[in-house]
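Listed below, chain by chain, are the residues.
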Amino acid sequence: MVRFPEGFLWGTATASYQVEGAVNEDGRGASIWDTFSHTPGKVYRGDTGDSACDQYHRVEEDLDLMADVGLQAYRFSVAWPRIQPEGTGPANQRGLDYYRRLVDGLRRRNIEPMLTLYHWDLPQALEDGGGWTSRGTSERFAEYTRIVYEALGDSVGFWITLNEPWVSAWLGYGIGVHAPGHQDTSKALAATHHLLLGHGLALETMRSLGHTDNQLGITLNLAPVRPASEDAEDAEAARRVDGNANRLYLDPLFSGSYPDDMLEHYAPESDFSFVRDGDLDTISAPVDFLGVNYYMRHTVVDGQRASDLTTAMRFSDLDAATVLPPGVDTTAMGWPVEPDGLTELLLRLHGEYTQIPLYITENGRAVHDYVDPEGDVDDEERVAFLDAHFRAAHAAMEQGVDLGGYIVWSLLDNFEWAEGYSKRFGIVFVEYGNQRRIPKMSARWYREVIERNGLADEDPNA
Ligand code: FCB
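These numbers were taken from a predicted model, which means no experiment stands behind them.

> How should I be thinking about the packing of helix H3 (residues 59-69) against helix H5 (residues 93-108) in this particular structure?
The axes of two packed helices give the description: the angle between them and the distance between them. For the pair H3 and H5, the least separation of the axes is 10 Å and the interaxial angle reads 25°. Classified by the angle their axes make, H3 and H5 are roughly parallel. For the pair H3 and H5, the sense of crossing is right-handed. Packed against H3, whose contacting residues are Val59, Glu60, Leu63 and Met66, the element H5 presents Tyr98, Leu102, Gly105, Leu106 and Arg108 at the interface. In the contact of H3 with H5, the residues fall into six nonpolar, one polar and two charged.

In structure tokens:
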């Protein structure tokens, strides 16, 4: 039996725009994702988050569902445009009331709330003023944080400033497949800095408001990177991908500087003059924990070689691409399944960056799930995936990594950004036509894991 330490926190995650729906209710303003998803051609089949999982109206039902799975933590995000419809000014009380209901409902069921302040739904009004390319947005973010922290700081123990700033900056401003859809490397770099600055200012604000027992952190999506071959070109390409995907965020947060090789690489696009005196001190102020979202490893080839290969992902601004290692299983997203990458990642963070507690704040996989004639959803692939990743996390803990908990993405199938509703990540199936929730096999399995606080000896992969 693989046992986790007492107090290890097991949970699931969602994000506001992906599950709430009710986009025009109780004074909510528009976000960049409303605009983007309503723009033809941006999201698969034109799906939008207008209704999503309707959690806004079904919060009691979903809370009961969480209790049935035996969850100990629920990670959710607050929709900034519910709190400040235009991104500035006084609080919209009805927006705050919704999250108060959610938090109280969690507490009543003994489920630890883990609150993310920003999971990508920027108020559209702020985007109209430049969005994350503008320094003002970092300041607005700190003001918004103050409102939420004053309202909920007494009842929420875990605070995550940003979810995956890499995705906000690069998919939103650099590659353009996410809202707001810009394709400009210099914008992605400015967005990176202003997101990180927003994190630092939000942290400072929360620290000034008391509740000193609360744990404050940030969540990054990180990927271990390796070259696809022994060739020097691939090794160089892997260094660039690592610089962009990992070090561009970890270095400022934990060492107070941007990596030299990235400053050099991006010199033709940006002189980084948006970095002002003192910013990096603000950004590198100590956090209490680091949230890690792990989905895959990047196996990298140089851009020149990539043209002859089937590539998984292209990083055109890095002259690099990723390939699928031979024989590796892939998810419904096409992402390689590599649980040992999680061990590698956690050991690197612990060895090179920080000894503060780490939390897996997202991990999971998409499966082509369906309801069978008996009414069941037998997502064996998801069970095997989670089992293998839990073991990989445990292996890192045995080697000294301080891991405080594991949050599975996701509680529910939901609006998977540019993929719309076509990709299912939930441990609970959502029948979008009637909003019926059907717990999958993985939900029952997860319940047992949580009950035992461990995994049976039998590895379903074996
Ligand atoms: C992460 C996002 C999350 C979800 C998963 C699959 O990048 O944080 O909202 O979409 O991917």
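> For this particular structure, what's the right way to read the side chain of threonine 14?
The topology assignment puts threonine 14 in the loop between strand E2 (9-13) and helix H1 (16-19). On the basis of relative accessibility, which here comes to 1%, the residue threonine 14 falls in the buried class. Polar side-chain contacts of threonine 14 include one of 2.6 Å to the side chain of tyrosine 74. Excluding anything up to four places from it in sequence, threonine 14 contacts Val19, Gln55, Tyr74, Arg75, Phe76, Ser77, Trp409, Ser410 and Leu411.

> Can you walk me through the environment of arginine 365 in this structure?
Topologically, arginine 365 is positioned in the loop between strand E12 (358-362) and helix H15 (380-398). With 60 residues separating them in the primary sequence, arginine 365 and phenylalanine 425 have C-alpha atoms 5.6 Å apart. Residues contacting arginine 365, with those up to four places away along its chain left out, are Asp329, Thr330, Thr331, Ala332, Val337, Glu381, Arg382, Phe385, Trp409, Arg424 and Phe425.

> Just checking my understanding: could you explain the packing of aromatic side chains for this structure?
Any pair of aromatic rings gets described here by the distance separating the centres and the angle formed by the planes. Inspection of every chain in the model, using the stated rule, returns 41 aromatic pairs. With a centroid separation of 6.4 Å and 35° between ring planes, the pair formed by tyrosine 17 and tryptophan 33 is classed as tilted. Of this pair, tyrosine 17 sits in helix H1 while tryptophan 33 sits in helix H2 (residues 32-37), placing them 16 residues apart in sequence. Look at tyrosine 17 and you get buried, because its relative accessible area is 2%. Relative to tryptophan 445, the ring of phenylalanine 390 has its centre 5.6 Å away and its plane inclined at 20°; by these criteria the two rings are stacked. Taken together, the positions of phenylalanine 390 in helix H15 and tryptophan 445 in helix H16 (residues 441-452) put the pair 55 residues apart, joining distant regions of the chain. The exposure class of tryptophan 445 is buried, given its relative accessible area of 16%. Taken together, the ring pairs connect Tyr17, Trp33, Phe36, Trp120, Phe415, Trp417, Tyr421 and Tyr432 into an aromatic cluster. The ring of phenylalanine 429 carries the charged tip of arginine 424 above its face, separated from the ring centre by 3.9 Å.

The rules we used
Residues numbered from 1 in each chain as written. Predicted model: local features only at pLDDT ≥ 70, side-chain atom pairs only at ≥ 80, totals over all residues. Heavy atoms only, no water. Axes fitted to C-alpha atoms, helices over the stretch in contact; angles between N-to-C directions. Helix = DSSP H or I, 4+ residues; strand = E, 2+ residues; numbered from the N terminus. Parallel < 35°, antiparallel > 145°, perpendicular 65-115°, else oblique. Left-handed = near helix turned anticlockwise from the far one by under 90°. Contact = heavy atoms within 4.5 Å. Nonpolar A, V, L, I, M, F, W, Y, C, P; charged D, E, K, R; others polar. Buried < 20%, exposed > 50% of the residue type's maximum accessible area, 1.4 Å probe, protein only. Polar contact = N/O pair within 3.5 Å; in protein donor to acceptor, adjacent residues only side chain to side chain. Phe/Tyr/Trp six-rings, centres within 6.5 Å; stacked < 30°, edge-to-face > 60°. Lys NZ or Arg CZ within 6 Å of the ring centre and 35° of its normal.

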